[in-house]
Amino acid sequence: MHLDFFGFAKETLETEIREAQRMLARLDNSIELACQLLLKCKGKVVVSGMGKSGHIGKKIAASLASTGTPAFFVHPAEALHGDLGMIDAQDVVVFISYSGRAHELDTILPLIADNGIPVIAMTGDLTSPLAKGALCVLDVGVEREACPMGLAPTASSVNTLMMGDALAMAVMRFRGFSAEQFAHSHPGGSLGSRLLKKVHHIMRRGEWMPIVARESTITDALLELSRTGLGLIAICDKAGRVVGVFTDGDLRRWLIQKGSLDASISEAMTQPGFVLSANMLAANALDALHEHHINAAPVVDDDGKVVGAINLYDFHQAGIK
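These numbers come from a predicted model, not from an experiment.

Enquirer: Could you give an account of the environment of Gly-206, naming the residues involved and the relevant values?
Expert: Mapped onto the fold, Gly-206 is located in the loop between helix 10 (199–202) and strand 6 (211–213). Judged by its relative accessible area of 45%, Gly-206 falls in the partly exposed class. For the pair Gly-206 and Ala-288, spaced 82 residues apart in sequence, the C-alpha separation works out to 24 Å.

Enquirer: Which residues make up the sheet that holds strand 6, and what are the values?
Expert: Read across the sheet, 3 strands follow the order 6-7-8 without closing on themselves; strand pairing throughout is mixed. Edge strands, defined here as strands with exactly one partner in the open sheet, are strand 6 and strand 8 (242–247). Averaged over all adjacent pairs, the angle separating strand axes in this sheet is 30 degrees, with direction ignored. In this structure, strand 6 lies alongside strand 7 (residues 232–236), joined through 3 bridges in parallel fashion. Along strand 7, the bridge assignment pairs Ala-213 with Cys-236.

Enquirer: For the nonpolar core, give the residues involved together with the corresponding values.
Expert: The biggest cluster of nonpolar side chains holds 26 residues, and the ones touching the most others in it are Leu-38, Leu-64, Ile-120, Met-122 and Leu-138. Looking at this core, the elements with two or more residues in it are helix 2 (30–40), strand 1 (45–49), helix 3 (51–66), strand 3 (92–96), strand 4 (119–123), strand 5 (136–139) and helix 7 (155–175). Looking at this core element by element, the count peaks at 5 residues for helix 2. Sequence-distant contacts of Met-122, defined by excluding residues within four places in its chain, comprise Ile-60, Val-94, Phe-95, Ile-96, Ser-97, Leu-130, Leu-138, Val-140, Thr-160, Met-163, Gly-164 and Leu-167.

Enquirer: Hey, could you go over the side chain of Thr-123 for me, with residue numbers and the actual values?
Expert: The topology assignment puts Thr-123 in strand 4. One polar contact links the side chain of Thr-123 to the main-chain carbonyl oxygen of Tyr-98, over a distance of 3.0 Å. If sequence neighbours within four positions are ignored, Thr-123 has contacts with Ser-97, Tyr-98, Ser-99, Gly-100, Ser-128, Leu-130, Ala-131, Val-137, Leu-138, Asp-139, Val-140 and Gly-141.

Enquirer: Lay out the side chain of Ser-53 with the relevant residues and their values.
Expert: Inspection of the secondary structure assignment puts Ser-53 in helix 3. Under the relative-accessibility criterion, Ser-53 is labelled buried at 17%. Setting aside chain neighbours within four positions, we find Ser-53 in contact with Ile-96, Ser-97 and Tyr-98.

Enquirer: Tell me about the packing of helix 1 (residues 5–25) against helix 7, and please be specific about residues and values.
Expert: At a minimum axis distance of 9 Å, the contact between helix 1 and helix 7 shows a crossing angle of 45 degrees. The pairing of helix 1 with helix 7 is recorded here as oblique in orientation. Helix 1 and helix 7 meet at a crossing whose hand is right-handed. Of the residues in helix 7, those in contact with Glu-16, Glu-19, Ala-20 and Met-23 of helix 1 are Ala-155, Val-158, Asn-159, Met-162 and Met-163. For the contact of helix 1 with helix 7, the residue count by class is 6 nonpolar, 1 polar and 2 charged.

Enquirer: An account of helix 7 is needed here, citing residue identities and associated values.
Expert: Between its terminal C-alpha atoms helix 7 stretches 30 Å, which fits the 30 Å expected from 21 residues at 1.5 Å a residue. Every buried residue of helix 7 is accounted for by Ala-155, Ser-156, Ser-157, Asn-159, Thr-160, Met-163, Gly-164, Leu-167, Ala-168, Val-171 and Met-172. Next to the buried residues of helix 7 lie helix 1, helix 2, helix 3, strand 3, strand 4 and strand 5. Among the residues trailing helix 7, Gly-176 stands out with phi positive, at a value near 70 degrees.

Enquirer: Tell me about the pattern of salt bridges, residues and numbers included.
Expert: Evaluation of the coordinates by the stated rule reveals 10 salt bridges. Between Asp-165 and Lys-59 there is a salt bridge whose closest N-O contact spans 2.6 Å. Within this pair, whereas Asp-165 is found in helix 7, its partner Lys-59 is found in helix 3, the two being separated by 106 residues in sequence. Residue classification places Asp-165 among the partly exposed residues on the basis of a relative accessible area of 26%. Where Arg-253 meets Asp-250, a salt bridge forms, and the shortest distance between an N and an O atom there is 2.8 Å. With a gap of 3 residues between them, Arg-253 and Asp-250 both fall in helix 12 (residues 248–257), about one helical turn apart. A single network of salt bridges, built from pairs that share partners, joins Glu-19, Arg-22 and Glu-143.

Enquirer: Kindly report on the state of the cysteines, identifying the contributing residues and their values.
Expert: Applying the stated criterion across every chain, the model contains 0 disulfides. Here Cys-41 is not cross-linked by a disulfide; its sulfur's nearest cysteine counterpart is in Cys-35, at 13 Å.

Enquirer: Can you tell me about the sheet that holds strand 3, naming the residues and giving the values?
Expert: Taken together, the 5 strands give an open sheet; going across it, the order is 2-1-3-4-5, and neighbouring strands pair in parallel fashion. Of all the strands in the sheet, the pair left with one neighbour each is strand 2 (71–73) and strand 5. In this sheet, adjacent strand axes meet at a mean angle of 20 degrees when their direction is disregarded. In this sheet, strand 2 lies alongside strand 1 in parallel orientation, the contact comprising 3 bridges. The residue bridging Val-46 from the neighbouring strand is Phe-72, located in strand 2. Against the sheet, helix 7 touches strand 3, strand 4 and strand 5, its axis set at about 145 degrees to strand 4.

How each quantity is defined
Residues numbered from 1 in each chain as written. Predicted model: local features only at pLDDT ≥ 70, side-chain atom pairs only at ≥ 80, totals over all residues. Heavy atoms only, no water. Helix = DSSP H or I, 4+ residues; strand = E, 2+ residues; numbered from the N terminus. Buried < 20%, exposed > 50% of the residue type's maximum accessible area, 1.4 Å probe, protein only. Pairing = 2+ DSSP bridges. Axes fitted to C-alpha atoms, helices over the stretch in contact; angles between N-to-C directions. Core = buried A, V, L, I, M, F, W, Y, C linked by side-chain atoms within 4.5 Å. Contact = heavy atoms within 4.5 Å. Polar contact = N/O pair within 3.5 Å; in protein donor to acceptor, adjacent residues only side chain to side chain. Parallel < 35°, antiparallel > 145°, perpendicular 65-115°, else oblique. Left-handed = near helix turned anticlockwise from the far one by under 90°. Nonpolar A, V, L, I, M, F, W, Y, C, P; charged D, E, K, R; others polar. Expected span 1.5 Å × (residues − 1). Salt bridge = Lys/Arg side-chain N within 4 Å of Asp/Glu carboxyl O. Disulfide = S-S within 2.5 Å.

It is worth stressing that arrangement in space is one thing and function is another; only the former is reported here.
If you want it as structure tokens, here you go:
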């Protein structure tokens, strides 16, 4: 028997897109009320739902939490066995149930109502107990699921996920939530690395700093270049301030033009030399290296004293590109 996998897949996507468009067409002021409830919330946003709704709820809670709205997920069954105590009067509950008739609601909704906690419902049945017991109802209903038997939550799950994203993004934009704030919630990601890490977090220190004194010779510089392998040396005065740099390229040019290894490094170094500030954002420092077409630079403190060195490999290792 020939199976048309492409056709089945296309039909699924077409159904989900069509149902999402229907949801968009009937979007009303309920989304504005839901946003206002979240913005006025002095506690936390508690997201809950059973089965597939619960899986979607976990993602919605995570999206809210990472975009400036404190939120967490509570499983309805766990709520009935102690976790309901995690919800207090300053919170807002977002309950997800497509049918709006999950039997856990029979116990949970009255208890939430007794504490005056506002409920935002995401459901496909506007006549359900959940819809009637909620202060705000977000309609995620579909005319048909993408499942050919109409059983597996498919289009309805997509609608719920999209509605959760719409809610999270609308609230985020109203708060003026910035990329820097987002990075603080994602310090381990590439965005966190670009927006949080500074040069002093990833630079080479101590014995790995390539440094020679201004009074050194070309031979001294050659040995230091070989020892550290950075391709660059910082030439420093007695106070530790950078007065120039000497690179592999400078060495090659010197040997071709002059040839003497006994000469003073001050004759061959590049003055004053390009340096990076230790407190500079690493992402900005990387851009600066690219702009100047160089691979490495000494790192200095606010007084101009050398405190480290860095090259392109160090940025790559730190996940900054």
